[in-house]
Protein chains: 2
Amino acid sequence: MCPESVERSRAEVRRAQILAAAVDCFRQHGFHGASIAQISKAAGMSPGHIYHYFENKEAIISAIVAGDLERFLILTAEIRSACNVREAMLARVGEGIDECLDQQTAGLKLEIVAEASRNPHVAEIVRSADKVCRESLMLTIRDTRRAAGHEDDDATLAAMVEVFISMFEGLQIRTIRNPGIDRSIVIPLFQNALRALLDQSP
Amino acid sequence: MCPESVERSRAEVRRAQILAAAVDCFRQHGFHGASIAQISKAAGMSPGHIYHYFENKEAIISAIVAGDLERFLILTAEIRSACNVREAMLARVGEGIDECLDQQTAGLKLEIVAEASRNPHVAEIVRSADKVCRESLMLTIRDTRRAAGHEDDDATLAAMVEVFISMFEGLQIRTIRNPGIDRSIVIPLFQNALRALLDQSP
DNA sequence: CATTCTAGATCGAACGCTCATTCTATGTTA
DNA sequence: TAACATAGAATGAGCGTTCGATCTAGAATG
């Protein structure tokens, strides 16, 4: 019954299966180190069959990058919708730090950025999603600053956003270079740093 | 004359030639995307000849990673040897930011960390060098804090170091995701953030 | 000084393998 | 039966690496 939607969902399941397997393989071997043969084995299907769902390997990479950034957009939207945005940001610092400190997650995100630094197609996906994130975060910080009586120009707000994101994204590099980071001590330091950033006089 | 040293320097010149070519190729195509054939062409020699100077491709990667980190160790040593360390750090923030914002440099550093997240050999090189950097920076910050009358335990100092480095390393990711960062506005914000980090009460 | 010798530098073809991708044949389902 | 799902072998290109042949520059020899 309902053949159209059943078939569509079957195709979607297969696509999701391939993407999940690809994420695994890319984490372990990188975008260029992982082969279609490996991915197809992890996904439980033949190599050729993958080409029924993705035009080529780069299309798989693009889909993973796009999905990853979509998830991040949802997170920033959540924070912005909180009633007291400043406190919501500070309260969720621990959550953000935990995600950045996860080595599996961090490894894939670094792989994506490294790929973006040389693959124009991936760069475009990454940069357009980043633009949306930045703009959302900029509005959030502007509101927070206004509530505390500060009025900043756009360039300053943009720079604040960069410092804010730098700290978290930097942690993704840190957790690879130093796997022994103590989250419980880093969290209050991050909160202090963010308070200083949000409260500073112009 | 002096055959031994002449021959040795010739070999060193060749090694340096190969490494320079490899850095170029790795930046453009990544560690696994760049081929020995490409590197040999860029270095102006035959593919086979490269194997007279490096055991295999991974040895080239290792040499680049090691050289990169050695340069960083020299930089931190310089800062630590300044008479007023706190002011030396703040004064050199712009310099550090400029290096992080360079997309070519950042791309290769991200490639290295991504590789470290899955290649145990590269991970070991990266982590042992990072340990030295952290310890050096930790002593520097401890001295600075003591001079201002604060005494911190090792865990807190270690976390301060992580926040400090996170900001700079995060900027390497930022410059890929957002190539339009305005350095002149980010620099004072970084200085403020660092002051807040170094001056905070425990 | 001219010649021979030799050891290292260098080349580039060749090897075996794996890759991304294609294609044809077969299975499945409605 | 018609249309789609799936398999897996085939293809040709490119990979890292090896290897024997050639070149070259300086030492040894006469």
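Thresholds applied
Within every chain, residues take consecutive numbers counted from 1 along the sequence as written. Each chain is given a letter, starting from A, and each ligand a number, starting from 1, according to the order in which they appear as written. Only residues with pLDDT of 70 or above have their local features reported here, since the model is predicted, and side-chain atom pairs are shown and tallied only from 80 upward, although totals for entire chains, interfaces and linings are computed over all residues. Note that the side-chain values use all heavy atoms of the structure and ignore hydrogens as well as water. Here a residue is near a molecule or strand as soon as one of its heavy atoms is found within 4 Å of it. Here a polar contact means two N or O atoms within 3.5 Å. Within protein one must be a hydrogen donor candidate and the other an acceptor candidate, and residues neighboring in sequence count only if both atoms are side-chain atoms. When residue character is reported, Ala, Val, Leu, Ile, Met, Phe, Trp, Tyr, Cys and Pro are called nonpolar, Asp, Glu, Lys and Arg charged, and the others, Gly included, polar. UniProt positions are given in the numbering used here, feature names are shortened, and annotations may be inferred rather than shown by experiment. Helix numbering and strand numbering both begin at the N terminus, where a helix is a DSSP run of H or I of at least 4 residues and a strand a DSSP run of E of at least 2. When checking whether two residues touch, look at their non-hydrogen atoms; a contact exists if any pair is within 4.5 Å. Buried area, as used here, totals the accessible surface that two parts lose on assembly, with accessibility defined by a 1.4 Å probe and the loss added over both. The term salt bridge refers to a pairing of a side-chain nitrogen on Lys or Arg with a carboxyl oxygen on Asp or Glu at a separation within 4 Å. Think of it in three bands: residues with accessible area under 20% of the maximum for their type are buried, residues over 50% are exposed, and the middle band is partly exposed, with areas taken using a 1.4 Å probe on protein chains only. In plain words, nonpolar cores are sets of buried Ala, Val, Leu, Ile, Met, Phe, Trp, Tyr and Cys residues tied together by side-chain atoms within 4.5 Å. By definition here, a helix of n residues has an expected span of 1.5 Å times n minus one. Note on aromatic pairs: the rings of Phe, Tyr and Trp (six-membered ring only in Trp) are paired at centre separations within 6.5 Å, and the planes decide the class, stacked below 30 degrees, edge-to-face beyond 60, tilted for the rest.

### Side note on the protein's contact with DNA strand C
Now for step 1: Neighbouring DNA strand C are 14 residues, the closest being Ile36 and Lys57 of chain A together with Arg14, His49 and His52 of chain B.
Now for step 2: Between a phosphate oxygen of DNA strand C and a side-chain N or O atom of arginine 14 of chain B, the distance comes to 2.6 Å.
Now for step 3: For DNA strand C, a phosphate oxygen lies 2.5 Å from a polar atom in the side chain of histidine 49 of chain B.
Now for step 4: Of the residues belonging to the surface near DNA strand C, the class tally is 5 nonpolar, 7 polar and 2 charged.

### Focus: the UniProt feature "domain: HTH tetR-type" (unreviewed entry) in chain A
Now for step 1: In this numbering, the UniProt entry assigns the feature "domain: HTH tetR-type" (unreviewed entry) to residues 12–72 of chain A.
Now for step 2: In residues 12–72 of chain A, the share of helix is 82% and the share of strand is 0%. The end C-alpha atoms are 22 Å apart.

### Some remarks on the UniProt feature "DNA-binding region" (unreviewed entry) in chain A
Now for step 1: Here the UniProt-annotated "DNA-binding region" (unreviewed entry) positions come out as residues 35–54 of chain A.
Now for step 2: End-to-end, the C-alpha atoms of residues 35–54 of chain A are 14 Å apart, and along that stretch the chain is 60% helix and 0% strand.

### Quick look at the interface of chain A and chain B
Now for step 1: The interface of chain A with chain B comprises 48 residues on the first partner and 48 residues on the second.
Now for step 2: Both faces combined, the contact of chain A with chain B buries some 4200 Å², and carbon together with sulfur accounts for 62% of it.
Now for step 3: Interface area lost by chain A to chain B is led by Arg174, Arg177 and Leu189 of chain A, which between them contribute 16%.
Now for step 4: The interface formed by chain A and chain B includes 12 salt bridges.
Now for step 5: Mapped onto the side of chain A that touches chain B, the elements with two or more residues apiece are helix H1 (3–33), helix H7 (103–116), helix H8 (120–147), helix H9 (154–177) and helix H10 (183–199) of chain A.
Now for step 6: Per-element accounting of the side of chain A that touches chain B gives the leading share, 17 residues, to H9 of chain A.
Now for step 7: When grouped by side-chain class, the residues that make up the side of chain A that touches chain B number 23 nonpolar, 15 polar and 10 charged.

### So, the pattern of salt bridges
Now for step 1: Going through the model one piece at a time under the given rule, you end up with 40 salt bridges over all chains.
Now for step 2: Notably, a salt bridge pairs arginine 118 of chain A with glutamate 111 of chain B, separated by 2.0 Å at the nearest N-O pair. With arginine 118 of chain A in the loop between H7 and H8 and glutamate 111 of chain B in helix H7 (residues 103–116), the pair connects residues from two separate chains. Each member of the pair, arginine 118 of chain A together with glutamate 111 of chain B, is buried.
Now for step 3: With a shortest N-O distance of 3.4 Å, aspartate 130 of chain B and arginine 177 of chain A are connected by a salt bridge. Within this pair, whereas aspartate 130 of chain B is found in helix H8 (residues 120–147), its partner arginine 177 of chain A is found in helix H9, the two belonging to separate chains.
Now for step 4: A relative accessible area of 11% means that arginine 177 of chain A is categorised as buried.
Now for step 5: Each of Asp130, Arg134, Glu162 and Glu169 of chain A together with Arg174 and Arg177 of chain B takes part in one network of salt bridges that share partners.

### Focus: the nonpolar core
Now for step 1: Ranked by size, the top nonpolar core spans 69 residues in total, and within it Phe26 and Ile60 of chain A together with Phe26 and Ile60 of chain B carry the most contacts.
Now for step 2: Not counting residues up to four positions away in its chain, the partners in contact with isoleucine 60 of chain B are Ile18, Leu19, Ala22, Phe26, Ile36, Ile50 and Phe54 of chain B.
Now for step 3: Core analysis: the second largest hydrophobic core is formed by 59 residues, Val93 of chain A together with Ile141, Ile187 and Leu198 of chain B among them.

### Overview of H8 of chain A
Now for step 1: A rise of 1.5 Å per residue sets the reference length of H8 of chain A, with its 28 residues, at 40 Å; its end C-alpha atoms lie 40 Å apart and thus fit the reference within 8%.
Now for step 2: Looking one or two places after H8 of chain A, you find glycine 149 of chain A, whose phi comes out positive at around 85 degrees.

### Some words on the packing of aromatic side chains
Now for step 1: Scanning all chains against the criterion turns up 6 aromatic pairs over all chains.
Now for step 2: Ring geometry for phenylalanine 164 of chain B versus phenylalanine 168 of chain B: centroids 5.5 Å apart, planes at 45 degrees, classification tilted. Taken together, the positions of phenylalanine 164 of chain B and phenylalanine 168 of chain B, both in helix H9 (residues 154–177) and 4 residues apart, correspond to about one turn of that helix. With respect to burial, phenylalanine 164 of chain B and phenylalanine 168 of chain B carry one shared label: buried.
Now for step 3: An aromatic cluster is present here, built from Phe164, Phe168 and Phe190 of chain A joined pairwise through their rings.

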